[in-house]
Amino acid sequence: MSATEGAVGERDAGAPRRRRRVAVVVAEVTRGASEEALERPAEEFLEAMPWQGPSPDPDGLDAMTFLTWL
Amino acid sequence: MLDLAETAPPSTFNSLSADERSDAELDALPFGVIALDGEGVILRYNLYESRLARLDRNQVIGRSFFAEVAPCTRTEQFEGRFRAFVAAGSEGHKAERFDFVFDFKFGAQDVGVELVRVGSADRYYLLINRRRVAAPRPAIPVEQLAALQRDLAPGEERRGVLRDELERRFVDAPAPLFAALRATCDRLAPETWQVFSTEWGVQWGRRAAVDLEAQVLESGNRSLRELPMREVSRIVASYLAERGWGLPAFDFSATVEGILLVELSRSALAESAPRRLEGGPRTDLACHLVAGCLSAILSSVAGRRLLAREVECVAGGAERCSIVVIGHERRAAVDAVLHAGDRGFEAIRMALRRAPRMAESSR
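Residues numbered from 1 in each chain as written. Chains lettered and ligands numbered in written order. Predicted model: local features only at pLDDT ≥ 70, side-chain atom pairs only at ≥ 80, totals over all residues. Heavy atoms only, no water.

A short note on helix H9 (residues 229–242) of chain B
For clarity, the threshold we go by: Each helix is a run of H or I in the DSSP string that is no shorter than four residues. Each strand is a run of E no shorter than two, and both are numbered from the N terminus. Multiplying 1.5 Å by the helix residue count minus one yields the expected span of that helix. Categorising residues by exposure relies on relative accessible area from a 1.4 Å probe, with only protein chains included: less than 20% of the type maximum marks a residue as buried, more than 50% marks it as exposed, and the intermediate range marks it as partly exposed. Contacts between residues were defined by any pair of non-hydrogen atoms, one from each residue, lying within 4.5 Å.
The first and last C-alpha atoms of H9 of chain B sit 20 Å apart over 14 residues, in line with the 20 Å expected at 1.5 Å per residue. Within H9 of chain B, 11 of the 14 residues are buried, which leaves the element mostly enclosed by the surrounding structure. Of all the positions in H9 of chain B, only Met229, Arg230, Val232, Ser233, Ile235, Val236, Ala237, Ser238, Tyr239, Leu240 and Ala241 of chain B are classed as buried. Those residues of H9 of chain B that are buried are in contact with strand S2 (30–31), helix H2 (35–38) and helix H3 (42–47) of chain A together with helix H8 (193–220), strand S8 (247–251) and helix H11 (288–302) of chain B. Looking one or two residues past H9 of chain B, glycine 244 of chain B carries a phi angle of roughly 85 degrees, positive in sign.

Structure, rendered in structure tokens:
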């Protein structure tokens, strides 16, 4: 038996290999929002975002773009 | 494709349609689904149930739910009700609901159960909505506790099998495996890479969302969407970071414009992407898989269809991998910029500012 085979055999003879995921320190992964906003429930936070795009300022749009938006 | 509106608790799920769903569709649901025959033998078992019961699907299919898998259900309240439901045949109710407590060796789970009859087939569905997870109840005799994975497979061949702390089997997938997959795609059908890997990521993300919901339920009896946005960001970032995909950071500075930016540092996909050769395939965007995963997780939390697109990548020479998340309705504007060869968050932001506000297409 080769050294490699021996090593595999010894390890497999015991309990099954288990993985405990490495705890990754991800203390702060957010930026660009206020403390208060980040404390809001995620559903509420995401609900408040204008996902379709912000409402346009009628004074800053040409007529065709504004009509398209309407 | 599964409608996001259906990834809701059983109260809004058309339970009578359970039998028409594929296994993949059942796996994206955030509640347990078990199909039994009239004798109580398990025919189908979805991912959420597998995750919360900590049992391999392969080990429970074909076993008696009452006698082997969940002895805690051998009560008049559960098994008795099931037997009577089956005996009533098509003359009986199509569905019944009741409350129950599952007793596992690792804890007790307070659940709502919906028992459903589907068509004329000898097939019955249990839809199980976890409400609360608690410590084991000491008064329950051990022989009445639900089975553990090792109880069901005491002689399991250990060699060649890896399990995580929740008894789920996994495989070690090294970065070269993904490089090989990309190389295969480049060789056979290079134009399909983005679509393929994005959709793969979305399918992964739907299952990841189920996993995260289960994790959050176990740690605090709340749903993901009820947690503070900061905590959800940390949970999602940890999910990817702990599995070695890189470390995401959420930038909310453009939320007033309806854009969420996710910057991914040390992306495994970007770092394992094949180098661009003169005349060779483009490799400038490599993280579609993670983008797809993020779009599915964030869509699940937001309760609406979102789109995540990588807009610049370390693999293409950028300093960072940037993924924008927007409403799915604005997809065309982003894709037009990327198709034109422009890269980077600011290019996308400018294009979205020029694009008209889109009508809501799905929710």
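Looking at the packing of H9 of chain B against H11 of chain B
Residue and element names in this part refer to chain B. Condition: What counts as an axis is a line fitted to C-alpha atoms, over the stretch in contact for a helix, and the angles between N-to-C directions run from 0 to 180 degrees. Orientation is classified from the angle alone, with under 35 degrees giving roughly parallel, over 145 giving roughly antiparallel, 65 to 115 giving roughly perpendicular, and any other angle giving oblique. Helix crossings fall into two classes, left-handed where the near helix is turned counterclockwise from the far one by less than a right angle and right-handed where it is turned clockwise. All residues other than Ala, Val, Leu, Ile, Met, Phe, Trp, Tyr, Cys, Pro, Asp, Glu, Lys and Arg, Gly among them, are scored as polar; the first ten of these are nonpolar and the last four charged.
At a minimum axis separation of 12 Å, H9 and H11 run at an interaxial angle of 150 degrees. For the element pair H9 / H11, the angle class is roughly antiparallel. Relative to H11, the crossing made by H9 is right-handed. For the pair H9 and H11, contact is made by Val232, Val236 and Leu240 and by Val290, Cys293, Leu294, Ile297 and Val301, respectively. For the contact of H9 with H11, a count of residues per class yields 8 nonpolar, no polar and no charged.

Points about the environment of leucine 260 of chain B
Mapped onto the fold, leucine 260 of chain B is located in strand S9 (residues 260–265). Residue classification places leucine 260 of chain B among the buried residues on the basis of a relative accessible area of 0%. With residues near it in sequence (within four places) discarded, leucine 260 of chain B still touches Met49 and Trp51 of chain A together with Phe250, Asp251, Phe252, Leu298, Ile323, Val324 and Val325 of chain B.

Observations regarding the packing of aromatic side chains
All names here are of chain B. Rules: Only rings of Phe, Tyr and Trp enter the pairing, Trp through its six-membered ring, and a pair is recorded when the two centres are within 6.5 Å. The plane angle decides the type: under 30 degrees is stacked, over 60 is edge-to-face, the rest tilted. Whether a charge sits over a ring depends on NZ of Lys or CZ of Arg being within 6 Å of the ring centre and within 35 degrees of the ring normal.
Taken as a whole and assessed by the stated rule, the structure comprises 19 aromatic pairs over all chains. Taking the centre distance of 5.2 Å and the plane angle of 75 degrees together, the rings of phenylalanine 65 and phenylalanine 66 count as edge-to-face. For the residue pair phenylalanine 65 and phenylalanine 66, the accessibility class agrees, reading buried in each case. Judged by centre distance (5.9 Å) and plane angle (50 degrees), the rings of phenylalanine 65 and phenylalanine 78 are tilted. Of this pair, phenylalanine 65 sits in helix H4 (residues 65–69) while phenylalanine 78 sits in helix H5 (residues 76–87), and the two are 13 residues apart along the sequence. Comparing phenylalanine 65 with phenylalanine 78, the two get one shared label, buried. Feature note: the residues Phe65, Phe66, Phe78, Phe82, Phe85, Phe98, Phe100, Phe102, Phe104, Phe106 and Tyr124 constitute an aromatic cluster, connected by ring pairs. Sitting over the ring of phenylalanine 106, arginine 54 keeps its end group 4.1 Å from the ring centre.

As for the state of the cysteines
Residues and elements named next belong to chain B. Stated precisely, the cut-off is as follows: We call a pair of cysteine sulfur atoms a disulfide when they lie within 2.5 Å.
One pass over the structure, following the stated rule, counts 0 disulfides over all chains. Free of any disulfide, cysteine 185 has its nearest cysteine sulfur in cysteine 287, 16 Å distant. Look at cysteine 185 and you get buried, because its relative accessible area is 12%. Residue classification places cysteine 287 among the buried positions, given a relative accessible area of 0%.

Some details on the confidence of the model for chain A
All names here are of chain A. The line we're drawing: Known as pLDDT, the predictor's per-residue confidence is scaled from 0 to 100.
Averaged over all residues, the pLDDT of chain A equals 70, while 40% of them reach at least 70. Here helix H1 (residues 3–13) is the element of chain A with the lowest mean pLDDT, 42, and H3 is the one with the highest, 96. Within the model, pLDDT remains below 50 along residues 1–14, and this stretch shows 3 contacts once partners closer than five positions in the same chain are excluded.

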